[in-house]
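Read off the chains here:
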Amino acid sequence: MSDMQTPTSGVTFRSLLAGALIAFCISVGAPYGNMVLRGSHMALDFSTAGAIFLFFIFIFFVHTLLGLLHPRLAFQRQELAVVYIMGIVGCAIPTMGLTEYLLPIISGAVYYASPENEWLEQIHPYIRTWLIPQDHEAVKFFYEGAPKNYALPWKAWLKPLIAWVPFILSIYFSMICISVILRRQWVVRERLAFPLVQVPLAMIEDGKEPSLIKPFFKSGLMWLGFALPFIVGSLRALHNYYNFIPTVNLQTSIPLFRNSTALQIALSFPMLGFSYFINLEIAFAIWFFNILARVQEGVFGILGIASTQKLYYAGSFPVLAHQGMGAMLVLSLLGLWTARPHLKDVWRKAIKGDNSIDDSDEMLSYRTAVFGFFISNLFIFGWLFMAGMAWWVLPIYLSAMYLIFIAVTRVVAEGGIAAARAPLIASDFVTSGLGNTVLGPHTLTALGFTFVWAADIRTFVLASCANGLKLAEDTLGRHKRSLFGAIALSILVSMATSIVTVLYFSYEYGGINLSSWFFGPTGGPVYPFNFISKHLNNPEGPNLTGWISTLSGGTIMALLMLARQHFLWWPLHPLGFAVSTISMTNYISFSVFLAWLIKSLILRYGGPTLFQRARPFFLGLILGQFAVAGFWLIVDFFTGMTDNNIYWV
């Protein structure tokens, strides 16, 4: 038989073509959806909604149609896995992951500079000319829209893009290397749950008997779960078309402690579905520690315990943000410490070529992953140094950045938290911990530009790769080597397509007319330069309160992790504490609580058998939410409806 009929790696010409096409559609559709239609965000979070929706369309319609034409034309399970992996990697780039921050930020330094904010005098002297476009007219039209028959000014963007793209690709390659190095520890040794890959795994599963339609789509229970979010989402969408149609409100809040804080009560069908597949102790810890964090906020509010420190992409309580940062750092560090036997094996294989250690089932050899990580970081180190960051700050910043990325990826992989960000960004960690007086304007400016890829990190390539490698472990087995080429192709397609797409729509409509967050004067484009200006105008030493909070958070996290390892009866999983101070956890905790309650009852009265039988219903909840969001985006495209956002966390 041909390779197309019985693939081993799943990386065939048609799987690459299909995966690249899905990445292309996401990279065009996601920016168009949130910028022009201002509808549901399909590439916002780790849930990779756009990838799940398009994969559902592909496997339910395209794959089935090919099978009807001829059974041999239908995609094999391994090929379908490759297509989906390319989709989730491509989903991590077009909007929150990179492009809709990169282009507005590097141009916002020019467009939003004014006599009032004094950026021209205070900041521009320290910005390397190759970091930002220099053509003021091209920048103006990017934000305000270009005149008729105005060609895209590629010349104005060429120099900064030539500087930025290799740098971003180096970061992505280093993330791929990290995912390879940690894969066996997380997937095989610790057996993390990876709830976010349960839907694609179910969709590509074959039945006992050959069938054109996958067993997943024959489940009535799945379609029942699918129908709930689809009906609710459709009512919300139709309400925007016809206001006499009632909408469905799934969110409220309970004010606490004299309105100093609030407990959010929000039903998220995807989070209810994802949380069904996580450990009961993790689910309990997430909602339990979220309540404790709200109590902590309330007590601080009543007692007047506050901080004047300004932190970006953190909650309204800086003390809690530092506490959460300490917990995240310990989560990464102790996790790596626990993994040291595996990491020693990786090192021995990479450096000494130890034949007793087998890495043939990895996407990259351990030697390639280890040396690739170091070489890519030499380039990153040099790039940031040329951008102005002091050499002695670089290892501190990069260490904090990678530990944050690893911690958040672990939270996603183990806790199924599809909507999260770091409690504190690496730039704030450096300026708060060291004080801005020792950093200097060049370093502060370089730290500001790190907001492009390491600030509002609600999705990134490392998390997508980790989920992808879990899917590959369950479908491709030992045949993963050629998967790297598929992932690299997806990254290149997504980056190139999304850059062109955002540029085109910005010049066509004017960025400030499309998205107030990504282009507006109070959104993402000004955050980095407000950060720089704040530190230049307010010289401060290390923040003592921040250090105390970080150390206290780290200490509590360490004690929780040690208790978890040494006492079988210990009920509180440390992951819940690590995410408790993230503001988004407050929005998902009620859904996690419901999943915990339902799963507890199912296991108690029905056992593992009933748990497995109920599984399709919860998978349907996830798929139905993303399907209805994608469906109404398509309807809105044809009708011209805008501001029809029906996707909620």
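Up top is the structure these notes are about.
All of these numbers come straight from a predicted model, not from anything done at the bench.

Caption draft 1: Spatial organisation of empty space enclosed by the protein. Across all of its chains, the model carries nine cavities of 30 Å³ or more by this definition. Counted as a void, the largest cavity has a volume near 80 Å³. Phe 46, Ser 47, Thr 48, Tyr 84, Ile 88, Leu 196, Val 197, Thr 459, Ala 463, Ser 464 and Asn 467 are the residues that line the largest cavity. Among the elements of the structure, helix 3 (77-91) and helix 19 (461-475) are those that each provide at least two residues to the lining of the largest cavity. Here the element with the most residues in the lining of the largest cavity is helix 19; it accounts for three residues. By residue class, the composition of the lining of the largest cavity is six nonpolar, five polar and no charged.

Caption draft 2: Spotlight on the pairing of strand 1 (residues 251-256). Sheet topology note: the strand 1/strand 2 (residues 261-266) ladder contains six bridges and is antiparallel. Residue Pro 255 lies in a different strand from strand 2, and its bridge partner there is Ala 262. Two successive antiparallel strands, strand 1 and strand 2, enclose a turn made up of four residues, where Phe 257 displays a positive phi of approximately 50°.

Caption draft 3: Local environment of the packing of aromatic side chains. Considering all chains together, one arrives at 71 aromatic pairs under this definition. Between Tyr 312 and Phe 451, the ring centres sit 5.8 Å apart and the planes meet at 70°, which makes this aromatic pair edge-to-face. Here Tyr 312 is found in the loop between helix 11 (280-303) and helix 12 (318-338), whereas its partner Phe 451 is found in helix 18 (residues 451-454), with 139 residues between them in sequence. We note that Tyr 312, like Phe 451, is buried. Between Phe 567 and Trp 569, the ring centres sit 5.4 Å apart and the planes meet at 40°, which makes this aromatic pair tilted. Note on Phe 567: relative accessible area 40%, which makes it partly exposed. Since its relative accessible area comes to 61%, Trp 569 is described here as exposed.

Caption draft 4: Looking closely at the layout of surface pockets. Here the largest pocket defines a volume of roughly 560 Å³. Elements with a minimum of two residues in the lining of the largest pocket: helix 7 (154-189), helix 13 (340-352), helix 14 (366-387) and helix 15 (394-415). Here the element with the most residues in the lining of the largest pocket is helix 15; it accounts for six residues. The residue makeup of the lining of the largest pocket, split by class, is 15 nonpolar, two polar and one charged.

Caption draft 5: Quick peek at helix 22 (residues 527-537). Taken across its eleven residues, helix 22 has eight buried, putting it largely inside the fold. Turning to helix 22, its buried residues are Tyr 527, Pro 528, Phe 529, Phe 531, Ile 532, Ser 533, Lys 534 and His 535. Looking at the buried side of helix 22, the elements it contacts are helix 4 (99-111), helix 5 (119-122), helix 16 (426-434), helix 17 (440-449), helix 18 and helix 21 (516-519).

Cut-offs and rules
Residue positions are given per chain, counting from 1 as you read along its sequence in written order. Confidence filtering applies because this is a predicted model: local features only for residues at pLDDT of at least 70, side-chain atom pairs given and counted only at 80 or more, and all residues used for totals across whole chains, interfaces and linings. Side-chain metrics in this entry use all non-hydrogen atoms of the structure; hydrogen atoms and water are not considered. In the cavity and pocket records, a cavity denotes points on a 1 Å grid over the protein atoms alone where a 1.4 Å probe fits but cannot get out, a pocket denotes an open set with protein on both sides within 12 Å along at least 5 of 7 lines, and lining residues are residues with an atom within 4 Å of a point. Grid points are joined across faces, edges and corners, and a volume is the space filled by probe spheres set on the points. For helices the rule is a DSSP run of H or I covering at least 4 residues; for strands it is a run of E covering at least 2, with both sets numbered from the N terminus onward. Residues are grouped as follows: nonpolar covers Ala, Val, Leu, Ile, Met, Phe, Trp, Tyr, Cys and Pro; charged covers Asp, Glu, Lys and Arg; every other residue, Gly included, is treated as polar. At least two DSSP bridges between two strands are required for those strands to pair. In summary, the pairing rule links any two rings of Phe, Tyr or Trp, Trp by its six-membered ring, whose centres are within 6.5 Å, and it sorts them by plane angle into stacked for under 30 degrees, edge-to-face for over 60 and tilted for everything else. Categorising residues by exposure relies on relative accessible area from a 1.4 Å probe, with only protein chains included: less than 20% of the type maximum marks a residue as buried, more than 50% marks it as exposed, and the intermediate range marks it as partly exposed. Residue contacts are counted whenever heavy atoms from the two residues lie within 4.5 Å of one another.

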